[in-house]
Amino acid sequence: LARVEGFLYTVADAAVATDVVTDSTSETVQQAQQSDWFSGVTTVMEAVLKVLKDGLTTLKVPYAYGFAIILLTVLVKVLTFPLTKSQAESTISMQNLQPKLKAIQQRYAGDQERIQMETARLYKQAGVNPLAGCLPTLATLPVWIGLYRALSNVANEGLLSEGFFWIPSLAGPTTIAARQSGSGISWLFPFVDGHPPLGWGDTIAYLVLPVLLIGSQYASMQIMQPPQTDPSQKNTQLILKFLPLMIGYFALSVPSGLSLYWLTNNILSTGQQVWLRKLGGAKPVVASGGGDIISAGQAKRSTPSP
């Protein structure tokens, strides 16, 4: 769990790339941030977020920044939906080919070279690329890192000071700089005169969002988790059950604006996957069970004609 937590913090720190130890260090980091891969995406995301906020403010919509974060997350989800659909179709196709792959492994057990050859032939016959499920994820990764960094920059600029319904401030209860200095959850502990530093009212209000994030993450895992028939996967599933708790802990040490983005993104992702995988939105190239594809593991030998 310590390694998983360290990995999450490392990824987040690489994405945010901010440091406020000294003024000179801050300027150096900002210059590096402006010249890396994601600087263009981050700039666009930050500009769109501010435009959405200004538009909502003009329309006199309350909690403008909170709704701007939600709208921007929805917009990014819509723009990346074709890639998400492609990934889901590829994943379903690979799952539908599993009976064929097992038949090949059983027929040529012990002959790894033949198994690899027949597996490649099966993929070609089915029109499936095993890497197609990974490519959309890699393509959308810069977008989501750019969005995360844009929200982090806005929080560092002090623009998320307004609240959102029950949340006192989207910039609270802590800052990214506080987390990087090791005091990200100092708003919870230690207690002062029997109550947390922020008081019970604000503390409970800030805790609602991480709790909702953990609950939505667990619900998403239960909805989307496929049936496990391989005993070797039990340990992996056990580890995955702890990930929502780690994400919830991570949400305790960042501004609430980022937690609001994570919660919105998780709900939208779950809805998309339910529609694609369970309601027929995805159209995989391979039907359930492999369709009419005849693999080497199922083919019958016949007497060759003269």
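The text that follows walks through the structure, step by step, so that each part is easy to find. (Residues numbered from 1 in each chain as written. Predicted model: local features only at pLDDT ≥ 70, side-chain atom pairs only at ≥ 80, totals over all residues. Heavy atoms only, no water.)

**Quick notes on unusual backbone geometry**
Okay, step 1: Cis rather than trans, the peptide bond between G172 and P173 has omega equal to 5°.
Okay, step 2: Structurally, P173 is set in the loop between helix 8 (135–156) and helix 9 (176–180).
Okay, step 3: Even without being a glycine, K60 presents a positive backbone phi close to 60°.
Okay, step 4: Mapped onto the secondary structure, K60 falls in the loop between helix 3 (39–58) and helix 4 (64–79). (Helix = DSSP H or I, 4+ residues; strand = E, 2+ residues; numbered from the N terminus.)

**Focus on the pattern of salt bridges**
Okay, step 1: All chains considered together, the criterion is met by 4 salt bridges.
Okay, step 2: For E46, the salt bridge is made with K50, and the minimal N-O distance between the two is 3.5 Å. Taken as a pair, E46 and K50 lie in helix 3 at a separation of 4 residues, close to a single helical turn.
Okay, step 3: The exposure class assigned to E46 is buried, which follows from its relative accessible area of 12%.
Okay, step 4: Residue classification places K50 among the partly exposed residues on the basis of a relative accessible area of 28%. (Salt bridge = Lys/Arg side-chain N within 4 Å of Asp/Glu carboxyl O. Buried < 20%, exposed > 50% of the residue type's maximum accessible area, 1.4 Å probe, protein only.)

**Section: a nonpolar patch on the surface**
Okay, step 1: A grouping of Y63, F165, W166, F189, F191, W200, I204, V208 and L212 is seen on the molecular surface, where their side chains present a nonpolar patch of about 880 Å² in accessible area.
Okay, step 2: Along the polypeptide, L212 turns up in helix 10 (residues 199–224).
Okay, step 3: Given the relative accessible area of 39%, L212 is considered partly exposed. (Patch = residues over 30% accessible without salt bridge, like charges linked within 9 Å, V, L, I, M, F, W, Y side chains within 5 Å. Areas by Shrake-Rupley, 256 points an atom, 1.4 Å probe, with all protein chains shown as cover.)

**Thoughts on the packing of helix 4 against helix 13 (residues 256–278)**
Okay, step 1: Between helix 4 and helix 13, the shortest axis-to-axis distance is 9 Å and the interhelical angle comes to 35°. Crossing geometry of helix 4 relative to helix 13 is assigned as right-handed. Along its contact with helix 4, which presents G66, I69, I70, T73, V74 and K77, the element helix 13 presents G257, L260, Y261, T264, N265, L268, S269 and Q272.
Okay, step 2: Among the residues forming the contact of helix 4 with helix 13, the class breakdown is 6 nonpolar, 7 polar and 1 charged. (Axes fitted to C-alpha atoms, helices over the stretch in contact; angles between N-to-C directions. Left-handed = near helix turned anticlockwise from the far one by under 90°. Contact = heavy atoms within 4.5 Å. Nonpolar A, V, L, I, M, F, W, Y, C, P; charged D, E, K, R; others polar.)

**Thoughts on the nonpolar core**
Okay, step 1: The biggest cluster of nonpolar side chains holds 35 residues, and the ones touching the most others in it are L49, I69, L147, L170, Y261 and W262.
Okay, step 2: Among the elements of the structure, helix 3, helix 4, helix 8, helix 10, helix 12 (243–251) and helix 13 are those that each provide at least two residues to this core.
Okay, step 3: Considering every element that reaches this core, the biggest residue donor is helix 8, with 7 residues.
Okay, step 4: Filtering out sequence-adjacent residues up to four positions away, W262 remains in contact with Y148, L213, F250, A251 and V254.
Okay, step 5: M94, L101, Y123 and V128 belong to the second-largest nonpolar core, a separate cluster that totals 11 residues. (Core = buried A, V, L, I, M, F, W, Y, C linked by side-chain atoms within 4.5 Å.)

So, to be careful, I would describe these as geometric facts and stop short of saying anything about function.
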